[in-house]
Every structure is written in C-alpha cells, then in structure tokens.
Amino acid sequence: MHPRPKILIVDDEPFNVDYLEQELEDLNYATVAARDGREALAQVAAESPDLILLDIMMPVMDGFAVLERLKADKATRDIPVVVISAMNDLASVARGIELGAEDYLPKPFDPVLLKARLTNGLEKKRLRDAEQLYLQGLERELVIGREIQAEFLPRELPQPPGWEIAVHFQAAREVAGDFYDAFTLDDSQRIGLIVGDVCGKGVGAALYMTLFRTLLRAFASPDYFAGAAHPGNDADRLLQSVMLTNQYVTQLHGDTSMYATVFFGLIDPANGLLTYMNCGHPPPLTLNASGVKTRLTHTGPPIGAMADPPYSVKQMPIDPAEILLIVTDGAADAVDIDDQFFGEKRLMALLSETRVTTAASLLDAISSTLRNHIGPATQFDDITLLAARRGESR
C-alpha cells in the first residue's frame, strides 16, 4: 500500500491553512503546515514533503527567499512548489515561476483547480523520482562496468633490465574506448606494447575495447598456436595477430562499423629492435636528447575497418637513451573552456622543448600540461600515453 502524498502548506493566514487542510484531507492527502518561510524550511527538513503550497507575502522570510533556498539545495530542488497568490498579484507569480516554482494557485481557492494543480505537480515529481532511480541504477552499472574494464588493463607493467615502461590513462567518461597493454611473451623475452582507440565513445566503445584488446593479446600468445604452425619470427607473429583480429571483427561484427586505431609493437630488450604495426593510429614518436627523432607512420588501416586490408610490418632500432612514445588522439584533441583544441602542433612543440631522463617524467610533463589546458572544461576524449625508454649504454 502506497503512503498518502504529503503536502506542506506555507501560509501566515490561519483561515487559508484551515481551508487547505480540509480540502486536502478530503482528497486523501496528508498535510503539514508552516506560518512563515523559516518554519517552512524546518518542516521540509523534518517531514520531506512531496509537494509545497507556498505563499509569497509572509513575515520572517518571504516565499521568494524560501524558493531560492529550496532550489539551491540538491536535496530539495526537485520538490514541486506551487505558489499561492492573489489573482491581482501576477508579478509575484511570474517571479516565483522564474525562481523554480512548478505552478501557481490563485486566491480564493477553487477546489477543482486545487485538485488539478496538486495532481499535475505530484505527477511531475513521480516522473522525476522514477528518472532519478533509473539514473542511479545506470550510474551503478557504469561503475561496475568501469571496474570490469579496469581488469582488462594490466595491473603492472613489465620492466625488463635496462628499460623503463610507464603509462598514463585518463578516461573521459565512466567507461573508455581507449586501451593499452604491455606484456612479456611467454616463449621469449620480447615485450609487447599495444595502444588502441575504438571509434565512438561511451558504453559501445568500451565493449569493443575489451574485444579488440583480448583478441590482440590472445592471438599474439604462443598458447593460441599450440599444436599448430607458430609464426617463425616477430614480424610474422605480429602480422598474424593483427590479421586474425581484423578477420574476426569484420566477419562477425562488420555490420556494426566498429573499428579501432591500434599501434602494436614488439621490443627485443637485448638489442632495442622494435617490430611494429601502426593500424591507422596517430604516429608514435621516438625522442632523444635533441627532441623528436622519428615518426612511426601507418602500416595499414584501422583494425575492423575493412576486410583483407593491406597490412605491412616495419622494424627500427630504439637506441640507448631514447624513448618510444605512443599516444591516442585524446591528447591533441584536449579542449579548453573556450573550445580550443590543444592540437598536434602544440604537442610537438612541447615534446621538442621537454628534456626528460625517464619515461615517467615525460608522461608527467605531458599530462600536467594537458590538465592545465583543459582547466575547468569537461574532458572531451580519453587520453592514453605510453612510453618505453631504453637505458644508457654502458
């Protein structure tokens, strides 16, 4: 059985209060009353009414001040308020509506109009309450989704002797379309580095993020090829992993038009040789003491964008004291409060001017600069930065 809706009557005229209480009781509403604005706020805190009938002209604190207090408080701003006003006081009615009142009830009170105002106000509250419950449930689901998604990202990064690997990951929403991975291949000392960005935003991109990341990691694993002919070298393994992932996505999910830009590299820590594929991703960079040294351009289209794409594999050395930097486009696309993008030109200037000795300090310099640029604005896109630094030669 649902409890009766509770109506707070705020009026300094006892006759008005008595009349409204009687009418509301006949309509099966519970009532509480207050004689001025200060008492009204106390009753709101104590009784949590479903609707407020609020007079404007009152001692101690008038109705306008009460409205301002109610609408400024997150806990009370959704309680519907119906302004009580004389028919010749339309200016007060208009100001009350501007301050957030739902409706008005003219004096003298008409029972039919009173019922209509209450029914309308309570229905709006019922819908708002249902919306809030839905949003709270959705928020809980997104929190769970974010926790599950975090399980797909590595808890720890491998740190082979003579190398430092660091990452900065900052989701723009509860769940992200960006992903990264760093792992040691079980059958060798090779280090796998993956940074990807699924098209779109929100839950859809987050679901596909888990798919892309899982497939790439699984197809690169030697366990996948148990009992079968395993690719004979790093280039073959890398190409096999990307091609199989692309084949799976385009054949089973091609109608969704979902794709991901991906950089996938294998590093031999002993000699610094990097074998890589850049599938439509913003070109990673190698940095040395003089600034930007090399841009690792595309070797094929994004994964999932087309069937049978023309992929290729490239190799290059990472020399001692150099850093491999991989970023998603969320860095260049960072937007400030004036809708100005940070931009690739500014990012390149930052990298050319920044002199760092560790991978972690490089990412700190980039992320702090991006935070300063974004300022109070809402983050536009996920930001992922991954850096691998080879130590000095001995």
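Our subject is the structure that appears above.
Small disclaimer: the values here were computed from a predicted structure and weren't measured.

Undergrad: Looking at this structure, how should I read the overall build of the protein?
TA: Each helix and strand in the protein was counted, giving 9 helices and 15 strands. Projected onto its principal axes, the C-alpha coordinates of the protein cover approximately 95 × 50 × 30 Å. Across the 394 residues of the protein, 48% fall into the buried class. In the protein, the share of contacts with a sequence separation of at least 24, taken over all contacts with a separation of at least 6, comes to 68%. On the protein, roughly 19,400 Å² of surface is accessible, and the fraction owed to carbon and sulfur atoms is 53%. If the 35 positive side-chain charges of the protein are averaged to one point and the 56 negative ones to another, these points end up 4 Å apart.

Undergrad: Honestly, the environment of leucine 185 in this entry has me stumped. Any pointers?
TA: Relative to the elements of secondary structure, leucine 185 occurs in the loop between strand E7 (178-184) and strand E8 (191-198). With relative accessibility at 3%, the residue leucine 185 sits in the buried group. With 173 residues separating them along the chain, leucine 185 and threonine 358 place their C-alpha atoms 24 Å apart. Not counting residues up to four positions away in its chain, the partners in contact with leucine 185 are Arg190, Ala220, Arg237 and Leu266.

Undergrad: Looking at this structure, how should I read the packing of aromatic side chains?
TA: Applying the stated criterion to the full structure yields 5 aromatic pairs. Ring centres of phenylalanine 263 and tyrosine 276 lie 5.6 Å apart, and the angle between their planes is 25°; this geometry places the pair in the stacked category. Residue phenylalanine 263 is located in strand E9 (residues 260-268), and its partner tyrosine 276 is located in strand E10 (residues 273-279); the two are separated by 13 residues in the primary sequence. For the pair shown, phenylalanine 263 and tyrosine 276 are each scored as buried. We note arginine 95 situated over the ring of phenylalanine 64; from NZ or CZ to the ring centre the distance is 4.1 Å. Here the basic side chain of arginine 117 rests over the ring of tyrosine 104, its NZ or CZ set 5.5 Å away from the ring centre.

Undergrad: Sorry, what's going on with helix H9 (residues 359-374) here?
TA: Since one α-helical turn is 3.6 residues long, residues separated by three or four positions face the same way. For H9, which comprises 16 residues, the first-to-last C-alpha distance of 23 Å matches the rise-based estimate of 22 Å (1.5 Å per residue) to within 8%. Within H9, burial applies to Ala359, Leu362, Leu363, Ile366, Ser367, Leu370, His373 and Ile374. Along the long axis of H9, the arc covered by the buried residues comes to 120°, so they all point the same way. The outward face of H9, more than 90 degrees from its buried face, is lined by the exposed residues Asp364 and Asn372. Against strand E6 (163-170), strand E11 (285-288), strand E14 (323-327), helix H8 (344-353) and strand E15 (383-390) lie the buried residues of H9.

Undergrad: What exactly am I supposed to notice about the pattern of salt bridges here?
TA: Pairs can form between side chains of opposite charge whenever their charged atoms are close. Enumeration according to the criterion identifies 19 salt bridges in this entry. When the shortest N-O distance is used, the salt bridge between aspartate 50 and lysine 125 registers 3.6 Å. Pair noted here: aspartate 50 is in the loop between helix H2 (37-47) and strand E3 (51-55) and lysine 125 is in helix H5 (residues 111-151), with a separation of 75 residues, a long-range link. Measuring nitrogen to oxygen at the nearest pair gives 3.2 Å for the salt bridge that ties arginine 295 to glutamate 344. One end of the pair, arginine 295, is in strand E12 (residues 291-295); the other, glutamate 344, is in helix H8, and 49 residues separate them in sequence. When salt bridges that share partners are traced, they join Asp11, Asp55 and Lys107 into one network.

Undergrad: Sorry, what's going on with the packing of H8 against H9 here?
TA: Two elements in contact, H8 and H9, have axes whose closest approach is 11 Å; the angle formed by their N-to-C orientations is 140°. Relative to H9, the element H8 lies oblique. The handedness of the crossing between H8 and H9 is right-handed. Residues Arg346, Leu347, Leu350 and Leu351 of H8 form the contact with H9, whose own contacting residues are Leu362, Ile366, Thr369 and His373. Looking at side-chain class alone, the contact of H8 with H9 contains 5 nonpolar, 2 polar and 1 charged residues.

Undergrad: What's the story with the environment of proline 158 in this structure? I'm lost.
TA: Examined against the element boundaries, proline 158 turns out to sit in the loop between H5 and E6. For the pair proline 158 and leucine 8, spaced 150 residues apart in sequence, the C-alpha to C-alpha distance is 63 Å.

Undergrad: Would you explain the side chain of histidine 281 in this entry?
TA: Within the fold, histidine 281 resides in the loop between E10 and E11. A relative accessible area of 0% means that histidine 281 is categorised as buried. Discounting chain neighbours no more than four positions away, the residues touching histidine 281 are Val195, Gly196, Asp197, Thr261, Val262, Phe263, His298, Ile326, Val327 and Thr328.

Undergrad: Could you clarify how one ought to interpret helix H3 (residues 63-72) in this entry?
TA: When H3 is considered as a whole, its buried residues turn out to be Gly63, Phe64, Val66, Leu67 and Leu70. Looking straight down H3, one finds its buried side chains confined to an arc of 160°; they lie on one side. Contacts made by the buried residues of H3 are with H2, E3, strand E4 (81-86) and helix H4 (90-98). For H3, the capping residue at the N-terminal end is aspartate 62, with a side-chain oxygen 3.2 Å from the backbone nitrogen of phenylalanine 64.

Undergrad: What am I meant to see in the packing of H2 against H3 here?
TA: Between two packed helices, what matters for the description is the angle formed by their axes and the separation of those axes. Running from N to C, H2 and H3 cross one another at 25°; their axes reach a closest spacing of 9 Å. Judged on the interaxial angle alone, H3 and H2 are roughly parallel. The crossing of H2 and H3 is right-handed. Of the residues in H3, those in contact with Gly37, Leu41 and Val44 of H2 are Val66, Arg69 and Leu70. Of the residues in the contact of H2 with H3, the class split is 4 nonpolar, 1 polar and 1 charged.

Parameters and conventions
Residues numbered from 1 in each chain as written. Predicted model: local features only at pLDDT ≥ 70, side-chain atom pairs only at ≥ 80, totals over all residues. Heavy atoms only, no water. Helix = DSSP H or I, 4+ residues; strand = E, 2+ residues; numbered from the N terminus. Buried < 20%, exposed > 50% of the residue type's maximum accessible area, 1.4 Å probe, protein only. Contact = heavy atoms within 4.5 Å. Areas by Shrake-Rupley, 256 points an atom, 1.4 Å probe, with all protein chains shown as cover. Lys, Arg positive; Asp, Glu negative; His and termini not counted. Charge placed at Lys NZ, Arg CZ, Asp CG, Glu CD. Phe/Tyr/Trp six-rings, centres within 6.5 Å; stacked < 30°, edge-to-face > 60°. Lys NZ or Arg CZ within 6 Å of the ring centre and 35° of its normal. Expected span 1.5 Å × (residues − 1). Arc of directions from axis to C-beta. Salt bridge = Lys/Arg side-chain N within 4 Å of Asp/Glu carboxyl O. Axes fitted to C-alpha atoms, helices over the stretch in contact; angles between N-to-C directions. Parallel < 35°, antiparallel > 145°, perpendicular 65-115°, else oblique. Left-handed = near helix turned anticlockwise from the far one by under 90°. Nonpolar A, V, L, I, M, F, W, Y, C, P; charged D, E, K, R; others polar. Polar contact = N/O pair within 3.5 Å; in protein donor to acceptor, adjacent residues only side chain to side chain.

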